[in-house]
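# What the coordinates show
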Amino acid sequence: MSQPIILAIESSCDDTSAAVIRGSEILSNVAATQAIHNDYGGVVPELASRAHQQNIVPVVQQALRQANIGKKDISAIGFTRGPGLLGSLLVGTSFAKSLAMSLSVPLIEVNHLQAHILAHFIADANPEPLKFPFLCLTVSGGHTMIVLVKDFFEMQIIGRTTDDAAGEAFDKIGKIFGLDYPAGPIIDRLAKSGTPEFQFGKPKLDGYDYSFSGIKTSVLYFIQKQLKDNPNFIAENLNNLCASVQKAIVEILMEKLEKAAKDLNINEVAIAGGVSANSELRTAMKENQQKLGWEIYIPKFEYTTDNAAMIAMVAQLKFARRDFADLEVSATARYDFAKDFEN
């Protein structure tokens, strides 16, 4: 029996993406980014949804063409139901429902956060497959959490941010520095030429929860004070400022992850989400592989940011379980991860 071929669509924020998967092999993974948001210092929801409407048809066509398949070859349609920007999600959801209806194939809803984690099971994502249970630090512009993954569909959030996400902190601090949006990759690049000579405040929270609003405020007050004495302080110290901020945020992330791994006696540790592309975070993971004996799983760069390949992977797993959605399903900005995936 041939393996099912699934077309997946991701439109949770400002990237329109489509992918085709056969088994766990990605045949294509296409994305259209929306540069217009750079002018506003962040994603503008109305502009994002309009751009999705313009991009979704050509992106899907390109994904099918790169995979060398026709619509008649599709076994099912997977799509991001949430969480995310409602207007953006509505575009992808409506398109997926319409296409599934026209082709008379099953429709599969996917939780965006779960997809970031399960992207590790794409055939070319890791040299070795993950072993359950494992911990996954899922960290992006909108979310930061530590998830205990017991099985594909048995997950428990054991720690999460109480305010800003780590990626959000990078972007907001980057704005203080006068950097373009998104600032995270820019800070990462500039930090490579700097030294972390500045110290910023870190949160003191019990358990495994995170907080990043404090470091943002600490940086803001520090910069305001320095600019009074030297109006060129940021320009003269930008690389060192970036290195200092990046080091502080990664240390906050890793301290909680290390505590969770020790307390739960788990050595299988993964990272996922857009911030998992950060070079300092990847270095810290590799250091803990040597220092703490972790088995680490770091995603390929193409599977870190929002992409349809990760949606396709979850859709393939759900297809095997015959876990299909009906055509009455609707997009949801707040897709309750705990309710739907914790057991």
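What you see is a predicted model, and the numbers here were worked out from it, not measured in a lab.

On a plain count of helices and strands, the chain comes out with 10 helices and 10 strands. The globule rule puts the C-alpha radius of gyration for 343 residues at 20 Å, and the 20 Å found for the chain is close to it. By its C-alpha atoms, the chain is 65 × 45 × 30 Å across when sized along the principal axes. With 343 residues in all, the chain has 54% of them scored as buried. By sequence separation, contacts in the chain at least 24 residues apart represent 73% of the contacts at least 6 residues apart. Accessible surface, the chain: about 15300 Å² in total, of which carbon and sulfur atoms supply 49%.

Okay, the UniProt feature "binding site: substrate" (unreviewed entry) in the chain next. Mapped onto this structure's residue numbering, the UniProt feature "binding site: substrate" (unreviewed entry) falls at Thr-138, Val-139, Ser-140, Gly-141, Gly-142, Asp-171, Gly-184, Asp-188 and Asn-278. By the secondary structure assignment, Ser-140 is in the loop between strand E6 (134-139) and strand E7 (144-151). Not counting residues up to four positions away in its chain, the partners in contact with Ser-140 are Ala-165, Ala-166, Gly-167, Glu-168, Gly-274 and Val-275. With respect to the element layout, Gly-184 can be found in helix H5 (residues 184-191). Assessed through its relative accessible area of 15%, Gly-184 is described here as buried.

Quick look at the side chain of Glu-268 now. Structurally, Glu-268 is set in strand E9 (residues 268-272). A distance of 2.6 Å separates polar atoms of two side chains, one belonging to Glu-268 and the other to Tyr-297. When sequence neighbours within four positions are dropped, the list of residues in contact with Glu-268 reads Lys-131, Pro-133, Phe-134, Leu-135, Glu-295 and Tyr-297.

One finds Phe-177, Ile-249 and Leu-257 to be the most contacted residues of the largest nonpolar core, which totals 52 residues. Among the secondary structure elements, those contributing two or more residues to this core are E6, E7, helix H4 (166-176), H5, helix H6 (213-229), helix H7 (233-264), E9 and helix H8 (279-291). Ranked by the residues each element gives to this core, the list is headed by H7, at 16 residues. Dropping the residues within four chain positions of it, Ile-249 is found in contact with Ala-166, Ala-169, Phe-170, Ile-173, Phe-212 and Ile-215.

Looking now at the sheet that holds strand E3 (residues 25-32). Taken in spatial order, the five strands of this open sheet run E3-E2-E1-E4-E5, and their pairing is mixed. Each having just a single partner strand, E3 and strand E5 (107-111) make up the two edges of the open sheet. Taking the axes of each pair of neighbouring strands and ignoring which way they run, one obtains an average angle of 20 degrees across the sheet. In the sheet, strand E1 (residues 5-10) pairs with strand E2 (residues 16-22) via six bridges, with the strands oriented antiparallel. What sits directly across from Ile-6, in E2, is Ile-21. Packed on one face of the sheet, helix H2 (residues 86-103) meets E1, strand E4 (76-82) and E5 and runs near 160 degrees to E4.

Once that is clear, we can look at the domain arrangement of the chain. Under the domain assignment, the chain is made up of domain 1 (5-119 + 303-337) and domain 2 (131-298). Domain 1 and domain 2 are separated by 27 Å when their C-alpha centres are compared. Facing the 18 residues of domain 1 at the interface are 19 residues of domain 2. Taken together, the two surfaces of domain 1 and domain 2 that pack against each other cover about 1600 Å², and 77% of this comes from carbon and sulfur.

Our focus in this paragraph is the pairing of E9. Extensive coverage of E9 is indicated by the burial of five of its five residues. Residues Glu-268, Ala-270 and Ala-272 line one face of E9 and the alternating positions Val-269 and Ile-271 line the opposite face, and both faces are buried. By the bridge criterion, four bridges tie E6 to E9 in an arrangement that is parallel. From the neighbouring strand, Leu-137 faces E9, where its bridge partner is Ile-271. Relative to strand E10 (residues 295-297), E9 is paired through three bridges, and the arrangement is parallel. Directly across from Val-269, in E10, lies its bridge partner Ile-296. Since E9 and E10 lie parallel, the crossover through H8 that links them has a hand, and here it is right-handed.

For the rest of this paragraph, the subject is the packing of aromatic side chains. If you walk through the whole model with that rule in mind, you get 11 aromatic pairs. Pairing Phe-319 with Phe-324 gives two aromatic rings, centres 5.6 Å apart and planes at 55 degrees, and the pair type is tilted. With relative accessibility at 14%, the residue Phe-319 sits in the buried group. A relative accessible area of 29% means that Phe-324 is categorised as partly exposed. When the ring centre of Tyr-335 is taken as reference, the NZ or CZ atom of Arg-81 above it lies at 5.3 Å.

About the cut-offs
- Residues numbered from 1 in each chain as written.
- Predicted model: local features only at pLDDT ≥ 70, side-chain atom pairs only at ≥ 80, totals over all residues.
- Heavy atoms only, no water.
- Helix = DSSP H or I, 4+ residues; strand = E, 2+ residues; numbered from the N terminus.
- Rg over C-alpha atoms; globule rule 2.2 N^0.38 Å.
- Buried < 20%, exposed > 50% of the residue type's maximum accessible area, 1.4 Å probe, protein only.
- Contact = heavy atoms within 4.5 Å.
- Areas by Shrake-Rupley, 256 points an atom, 1.4 Å probe, with all protein chains shown as cover.
- UniProt positions renumbered as here; feature names shortened; annotations may be inferred.
- Polar contact = N/O pair within 3.5 Å; in protein donor to acceptor, adjacent residues only side chain to side chain.
- Core = buried A, V, L, I, M, F, W, Y, C linked by side-chain atoms within 4.5 Å.
- Pairing = 2+ DSSP bridges.
- Axes fitted to C-alpha atoms, helices over the stretch in contact; angles between N-to-C directions.
- Domains from an automatic or database assignment.
- Buried area = accessible area lost by both parts, 1.4 Å probe.
- Right-handed = clockwise from strand over helix to strand, strands pointing away.
- Phe/Tyr/Trp six-rings, centres within 6.5 Å; stacked < 30°, edge-to-face > 60°.
- Lys NZ or Arg CZ within 6 Å of the ring centre and 35° of its normal.

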